[in-house]
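Spelled out from the first residue to the last, the chains are:
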Amino acid sequence: TWYRNPFSTDEHDNWNPEMEELMPNYTYDHIHVRSQNPMATAQWYEKMFGAKIIESTQPDGSPRIDLDINGLTVFILKVAEDAPAPGGDTEASLSLDHFGLRVDNMDKAFAELTEKGAEFTMEPRTIRPGVTIAFVLAPENVRIELLQRD
């Protein structure tokens, strides 16, 4: 049985008109990060990536902090001070491993983030022709992949 692949950019890839109505359309909405100090975490993203900090109030009256990183929405949820942190720079665990940000100039991004004090767990390296990656460690051990595709 053929169906429309929601992740394909080719409108004719795996397409069957009878299945079109049955397959939901999945699109990106947000990433949700947990932090012991949401404002400090938000300020890190603002400093490193130019994120816009959006402060609001939850329906229960508690503060809410969201980020806009060039259209990428990140919600930051406060957790208790004694909440356990996930793996970190290289430890594998059952969770979201990382999220990726595309850059148009890896050398420039690496130099700028290094100057701002970012901790790289992997410096830029070409993993295959035309693809260079690096990893930055964000607050609360969130791993962010920087990716340049030529």
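Here's what I pulled together on the structure shown here.

Calculation rules
- Residues numbered from 1 in each chain as written.
- Predicted model: local features only at pLDDT ≥ 70, side-chain atom pairs only at ≥ 80, totals over all residues.
- Heavy atoms only, no water.
- Helix = DSSP H or I, 4+ residues; strand = E, 2+ residues; numbered from the N terminus.
- Buried < 20%, exposed > 50% of the residue type's maximum accessible area, 1.4 Å probe, protein only.
- Contact = heavy atoms within 4.5 Å.
- Areas by Shrake-Rupley, 256 points an atom, 1.4 Å probe, with all protein chains shown as cover.
- Polar contact = N/O pair within 3.5 Å; in protein donor to acceptor, adjacent residues only side chain to side chain.
- Phe/Tyr/Trp six-rings, centres within 6.5 Å; stacked < 30°, edge-to-face > 60°.
- Lys NZ or Arg CZ within 6 Å of the ring centre and 35° of its normal.
- Pairing = 2+ DSSP bridges.
- Axes fitted to C-alpha atoms, helices over the stretch in contact; angles between N-to-C directions.

1. Considerations on the overall build of the chain
- Along the backbone of the chain there are three helices and eight strands.
- From first element to last, N terminus to C terminus, the chain shows the α and β order α-β-α-β-β-β-β-α-β-β-β.
- Out of the 150 residues in the chain, the part that is buried amounts to 31%.
- Considering only contacts in the chain between residues 6 or more positions apart, those separated by 24 or more positions represent 47%.
- A total of about 10200 Å² of accessible surface is found on the chain, and carbon and sulfur atoms cover 49% of it.

2. Points about the environment of Ala 118
- Position of Ala 118 among the secondary structure elements: in the loop between α3 (106-115) and β6 (119-128).
- Among the residues examined, Ala 118 registers a relative accessible area of 13% and is labelled buried.
- Residues Ala 118 and Trp 44, 74 residues apart in the sequence, show an inter-C-alpha distance of 9.2 Å.
- Excluding anything up to four places from it in sequence, Ala 118 contacts Met 48, Leu 113 and Val 136.

3. Details of the side chain of Gln 148
- Within the element layout of this structure, Gln 148 appears in strand β8 (residues 142-149).
- Given the relative accessible area of 15%, Gln 148 is considered buried.
- Within the structure, Gln 148 has its side chain in polar contact with the backbone nitrogen of Met 106 (distance 2.6 Å).
- Excluding residues within four positions of it along the chain, Gln 148 makes contact with Val 103, Asp 104, Asn 105, Met 106, Gly 130, Val 131 and Thr 132.

4. What about the packing of aromatic side chains?
- Summed over all chains, the structure comprises four aromatic pairs.
- Centroid distance Trp 44 to Tyr 45: 5.1 Å. Interplanar angle 80°. Geometry classified as edge-to-face.
- Relative to Phe 49, the ring of Tyr 45 has its centre 6.2 Å away and its plane inclined at 45°; by these criteria the two rings are tilted. Taken as a pair, Tyr 45 and Phe 49 lie in helix α2 (residues 38-49) at a separation of four residues, close to a single helical turn. The pair formed by Tyr 45 and Phe 49 is uniform in burial state, with each residue classed as buried.
- One aromatic cluster is present, formed by Trp 44, Tyr 45 and Phe 49 through successive ring pairs.
- A cation sits over an aromatic face here: Arg 64 above Phe 75, 4.3 Å from the ring centre.
- When the ring centre of Phe 135 is taken as origin, the NZ or CZ atom of Arg 143, which lies over that ring, is 4.6 Å away.

5. Here we look at the sheet that holds strand β3 (residues 63-69)
- Across the sheet, four strands lie side by side as β1-β4-β3-β2; this open sheet has mixed pairing. Every interior strand has two partners, whereas the edge strands, β1 (31-35) and β2 (52-57), have only one. For this sheet, the mean inter-axis angle between neighbouring strands, taken without regard to orientation, is 25°.
- Bridge analysis of β1 against strand β4 (residues 72-78) gives five bridges, and the strand direction is parallel. The residue of β4 that forms the bridge with His 32 is Phe 75.
- Its contacts with the sheet place α2 against β1, β2, β3 and β4, and it is angled at close to 15° to β3.

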